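# Remarks on the overall topology
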There are 2 protein chains.
Amino acid sequence: MAISRRDFLTRVGQAGGYGAAFASMQMLGIMPIKGALAEPIQAEAGTGKGTKVVVLGGGIGGLVSAYELKKLGYEVTLLEARERPGGRNWSGRNGTVVEFTDGTKQTIQWEEGNYQNLGPARLPSTHWTMLGYCRELGVPLEVEINTSRSSLLQNDAANGGKPVVQRQAINDTRGHVSELLSKAIAGGGLDGDLTKEDRQRMIEFLNYYGPLDKTGKYIGADRAGLKVAPGAGRQVEVPDTPLSMHTLLDASFWGGMLYEENWDWQATMMQPVGGMDRIPYAFAKALGPIIQYGCPVTEIRKTSTGVKIGYLKGGKPAAIEAAYCVCAMPFSILKKIPNDLSAPFKAVIEGSGMGLSSKTAWESKRFWETDYNIYGGLSFLAAGPSPVWYPSARLMHPTGIVVAGYMDERQIPGYQALSLENKFAASRAQIEKLHPGHGKELRNPVFCGWGRVKWNEGSWIETYGGGPDGYNTVIEPDGPIYLAGDTISHIVGWQEGAALSARRAVDMISAKVKLAKAAG
Amino acid sequence: MAISRRDFLTRVGQAGGYGAAFASMQMLGIMPIKGALAEPIQAEAGTGKGTKVVVLGGGIGGLVSAYELKKLGYEVTLLEARERPGGRNWSGRNGTVVEFTDGTKQTIQWEEGNYQNLGPARLPSTHWTMLGYCRELGVPLEVEINTSRSSLLQNDAANGGKPVVQRQAINDTRGHVSELLSKAIAGGGLDGDLTKEDRQRMIEFLNYYGPLDKTGKYIGADRAGLKVAPGAGRQVEVPDTPLSMHTLLDASFWGGMLYEENWDWQATMMQPVGGMDRIPYAFAKALGPIIQYGCPVTEIRKTSTGVKIGYLKGGKPAAIEAAYCVCAMPFSILKKIPNDLSAPFKAVIEGSGMGLSSKTAWESKRFWETDYNIYGGLSFLAAGPSPVWYPSARLMHPTGIVVAGYMDERQIPGYQALSLENKFAASRAQIEKLHPGHGKELRNPVFCGWGRVKWNEGSWIETYGGGPDGYNTVIEPDGPIYLAGDTISHIVGWQEGAALSARRAVDMISAKVKLAKAAG
C-alpha cells in the first residue's frame, strides 16, 4: 500500500528525529527554504496521566517543561526561588530591584512605560519554538531593531577618533573591495580562477556592487551617506567623501559591521510589546498554581520511586516527592545544593564556569532619534563598555532606555572591580564619545551584572566540567532526573535553547513513562 | 561685537539656505553625523495675518502648505476634489473603493484591521521633515521592515529557478568576493595598489569579511544559512552548501540584494501604526474646516490682486479669491484645468509625463511567517510582477495583506493591457513561484494602478516638459501662484519631497508678504 507524503514524513520524523525529517522534506522539495522548525513533541495526549513530575527553576527551561508536561496530563509542580517567573528573562521597570549576592541593591527609577530587558532582549525570526509559544500564548510582538544604518562605529585609533556612521563604513568598505577586485580581474590576476565570460560578468557585477564609476573607481555613493540630502527646489544631494580603505583598515570596524549578519542576529528580529517578561508571565498565567514562588530548593534526592526534593516555603522546610524531576536551574546554583546526582554529573556541574555578561542601562531624552536619525540598532566602540544599544520600543517617545555597555565584565581589564559609580562613569563616557554633549542627559542608571545577581550568579554557561564530554554526559537523564535549560543545548544564552531542551526532556520522560506503562 | 554660534548659524541659514547652514554646522563640529534636517521655516509668527491663500490639492504637499500657512496666521482654504485627505497617501481597507478613470471600481473586502498602503508605505529615518510632523501631530510609528534576511530572490535562469534566501545570496556573494580578492592580493596582483602592511591587513580583514577558512577559501558560514539549526541535546548546526559564484552570476540578484542599501531604503524605516493615512488624517484634524472636500478645481485665474479659483461644490460652480495660491495638484490633472499660468509653465506642465507605478495586494494566511520565517521585507523575482512585499503590520496575526507586484506597469511587456483577472493571475503565479503551494491561499485582491486612479492619473512625475530646464522653471513662483508637491523637489515619489516643497513655497510667499508689508 502506498503511503502519503505526510505519512512518510511522520514516520521518518518518529524514527530519526527532527534532523532526519527535515532532510527528507528538503529532498522531497516540500520545504526547500525553511530556516528552522521546533522539534515536535512526540508524546501522545494523556501520556502523563497519573505521573508526578517536579520542575526546579522557573526560567524559560522550567516554564516550558511544566507547560508541556501539563499539556500531556502530568501532575506538575514547579519550584521557583524568586517571587516572579522568568529567571534571566527579566524586564527592569520603575521599582524593579536588582539585588546582588553581596547585598548591593539598586532600585530602578524610570518613567512609567519605559523598561529594559536585563536578560534576553531579542527573538530571531529563526527561533521557531519561542515564536511559536508567543503565538500560542498570545504574546504580541514588535520588531526589535538590530540593524540600523544610522548607528555608529568608533575607534580612537582611526578617523581621529570620530564616530563613523555604519552606512558609511559598510558601503565604503564594499566599494573599495569591489574596486580592488575589479582591478585585479582586469589586470589578469585571476584568469586562472574565472572563465573569460565570468570575468566579464564579475566586472559588471562589481560595478553595481561597489558601485564603481565608469573607470572602475569607487568614488562614494548615496548608500554611504550624504553631506546634504536632496530637498525641494534647487537642493540637490551632495554625497559624502568616502573613507579610504587605509582608514577603514586602521579602524577595524569589522565586528560591528558584520554583527547583523550572524545567523542569530539577522533581521527580522522581534521583541514582545512591553517587555520580554511578557513571555514568562504568559506561561505563568497558563500554569496557575503549578508554580510555587518563594521556594528555593535545598536538596535533590533520588528515592526508590523517583525523587524527593527538599525546599523552603515561607522560610520553612518542606519536601515534595515525584516520579521524575526536570532540573532547570543554572549550574552555578545547582552546584551548591546537596544532591544525589551521579558522580559524572557532579563532576561536570562542579567543574563548570559561567559567563559574566552585564548591561548598563540609562533613561534619557531620545537625542539619538531626534539628532542622529538612530531608531534602534547598536553602535560599537573599539575600547571600553560596548555596544551602545538604542531602544526599539516606544519609537519617538520623548524618553527611552539606552544601554551603554553590554559585555562580559572580564572583557575590559579592571572593569569587574570598579564600583557602581565608576562603572556608570565609564558607561556615560561612551555615550559622550559617540554623541558629544549628550552624556550629561543620561540619568537613573542601573547596572545588571549577571555574575552577581542572586539566584543566577552567571549569565550563561561558559565551560562544562570535562569539556564537550561533560556536555554529552549531562544531556542524558541521571535516573529520574533530567536537566534542562539553555545549558543543555547548542544555543547557549538564548531562550530557544532553553525551550528546545525542555521539550526534549519532556519527550524523554514520556518515552520512559510509555515504556513503563507498557511493561506494567 | 562677537556673535554667538547660534547667531552665526541663523545668519548663515538666512543667507545661504539650508545647505550652507548645514555645511557650517559640520565645520563647527556641532553636527558631524546628522543625516538630514528639515529646512527650517524662516518666516516669523504672524507673518500671514490678513493675507488669504488658497491651496489646491489635499495630498501631503497641499496639507503641509495649509498647515504651515495656518501656523503663520494666513487665512487659508484648501480645495480637495475627493472626500478624503491624503492624495496618494491612501490606505486601502475593508470597504475602500478603488475607482479608475474608465469607471472600473474595485471594493476591498478584507478582515477588519488589515490594510494596505496603496501609495507611500515607508518613512526613512532620514526623512526628518515627515518624521517631525509625525512627532508634532502625535502619529504613532512602528518599524516598516525593509530588510529581512529570510526573504527570497528568484530567477528562472539560475539555481533551477528555485528561490534563494537573501541571507544566502548576500553572504555567499561576499564570501566569494573575499576569496577572490584575497587570492589576488596573495598572488601579488595588487602590490602596486596597497602597501605591504595594508596587504597583510586586507587579508586578515577578508578572512573575517568572507568569512574565509585557514586556506583562504569561502566554504559557507552560518551567516549564509543552515541546513539544520542548532538545537537541544545532540542537535548541532549544519551549514548550508554555498552557491557558487557562477550560479550567483547567472542569477544576477544584485538589485534585490542591494535594495536595502539605497539611501532612501536603509534600516531603520518606519510606518504609522494602522496605516500611512494616519498622517493626512492628523493634518486634516489640525486644519479642520480649512479643508473643503468634494471641491474639484475648474479654473485657475490670475487677478490684479492675486488669484481667483473656480471649483465645484456639491456639483455647483463656486469661486474663491486670494492673494496667493499654492497649487499642489499633480501635473496630469493640472494640465487639464483651464489656467492663467505663464507660457513657460504651461509648456513644462503640458509636456510632462507620469510614472505608472502599481500595486497588487492580497489578503492571505501568513504562510510567509509560519512556514518561511519571513516577517516583513521584500522578495524579488527577475521576471513578472515584483517585488513581493510582506506586511510589517500586525506581526503574527493569522492573516495579513501581501503585495505581489509593485512596479511601473510598463516594466512588463503587455502587462498594462491585461484585464484585472489576468493581472491577478500573474500576481498569484509569483507567490506560487516563491512559495509553492501557497498561491491558492491568496484572496480578495485589489489592483491599484495609479495611472488610472481618478484625480491622479499617474504615480509621480517622470519627465518635465523641457527636461531639467523645465524643472528649474516650475520651482519658481508664477506671479501669485506657487507650485508644490514632490514634483517640485529632488525627492520625487516621497512624502518628504512634497513636505519640503510645501515649506519652501510657504517661505517664498512669506518673504514676498513681508516685503510687500515693508513697502506698503
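Going by an unreviewed UniProt entry, chain A carries the name Tryptophan 2-monooxygenase and comes from Granulicella rosea. As stated in UniProt under Pathway (unreviewed entry), the record for chain A gives "Plant hormone metabolism; auxin biosynthesis." UniProt lists a comment for chain A under the heading Catalytic activity (unreviewed entry), and it reads "L-tryptophan + O2 = indole-3-acetamide + CO2 + H2O".

Below, the discussion takes up the interface of chain A and chain B. Taken together, the 93 residues of chain A in the interface contact 93 residues of chain B. Roughly 8,800 Å² is buried in total at the junction of chain A and chain B, and carbon and sulfur atoms are behind 62% of that figure. Taken together, the connections running from chain A to chain B amount to twelve salt bridges. Across the salt bridge formed by K183 of chain A and D193 of chain B, the nearest N and O atoms sit 2.4 Å from each other. Here chain A is connected to chain B by 34 residue pairs in polar contact (both at pLDDT 80 or more). If one sorts the elements of the side of chain A that touches chain B by residue count, helix α4 (residues 166-186) of chain A sits on top with ten residues.

This next bit is on the packing of aromatic side chains. A full pass over the atoms with the stated rule returns 34 aromatic pairs over all chains. With 5.0 Å between their ring centres and 75 degrees between their planes, F367 of chain A and W368 of chain A make a pair best called edge-to-face. The exposure class assigned to F367 of chain A is buried, which follows from its relative accessible area of 2%. An aromatic cluster is built from Y67, Y133 and F283 of chain A, whose rings are joined through pairwise contacts. Seen from the ring of Y208 of chain B, R223 of chain B lies directly overhead, with NZ or CZ sitting 5.9 Å from the centre. Its guanidinium or amino end placed over the ring of Y406 of chain B, K359 of chain B lies 5.0 Å from that ring's centre, counting from NZ or CZ.

Turning our eyes to something else, we now look at the domain arrangement of chain A. For an interface, size is often stated in terms of accessible area lost upon the parts coming together. All names here are of chain A. Domain annotation of chain A identifies domain 1 (5-32 + 166-225 + 236-251), domain 2 (52-82 + 297-351 + 462-519) and domain 3 (95-150 + 267-277 + 356-449). Centre-to-centre, using C-alpha coordinates, domain 2 lies 31 Å away from domain 3. Across the boundary between the two partners, domain 2 contributes 13 residues, which contact 15 residues of domain 3. Together, W494, Q495 and E496 form the three largest contributors to the area buried by domain 2 at its contact with domain 3, with a combined 53%. Our count for the domain 2 to domain 3 interface comes out at two salt bridges. Between E462 and R410 there is a salt bridge, with the nearest N and O atoms lying 2.6 Å from each other. On inspection of domain 2 and its partner domain 3, the count reaches eight residue pairs in polar contact (both at pLDDT 80 or more). By residue class, the composition of the side of domain 2 that touches domain 3 is seven nonpolar, one polar and five charged.

Rules behind the numbers
- Residues numbered from 1 in each chain as written.
- Chains lettered and ligands numbered in written order.
- Predicted model: local features only at pLDDT ≥ 70, side-chain atom pairs only at ≥ 80, totals over all residues.
- Heavy atoms only, no water.
- UniProt positions renumbered as here; feature names shortened; annotations may be inferred.
- Contact = heavy atoms within 4.5 Å.
- Buried area = accessible area lost by both parts, 1.4 Å probe.
- Salt bridge = Lys/Arg side-chain N within 4 Å of Asp/Glu carboxyl O.
- Polar contact = N/O pair within 3.5 Å; in protein donor to acceptor, adjacent residues only side chain to side chain.
- Helix = DSSP H or I, 4+ residues; strand = E, 2+ residues; numbered from the N terminus.
- Phe/Tyr/Trp six-rings, centres within 6.5 Å; stacked < 30°, edge-to-face > 60°.
- Buried < 20%, exposed > 50% of the residue type's maximum accessible area, 1.4 Å probe, protein only.
- Lys NZ or Arg CZ within 6 Å of the ring centre and 35° of its normal.
- Domains from an automatic or database assignment.
- Nonpolar A, V, L, I, M, F, W, Y, C, P; charged D, E, K, R; others polar.

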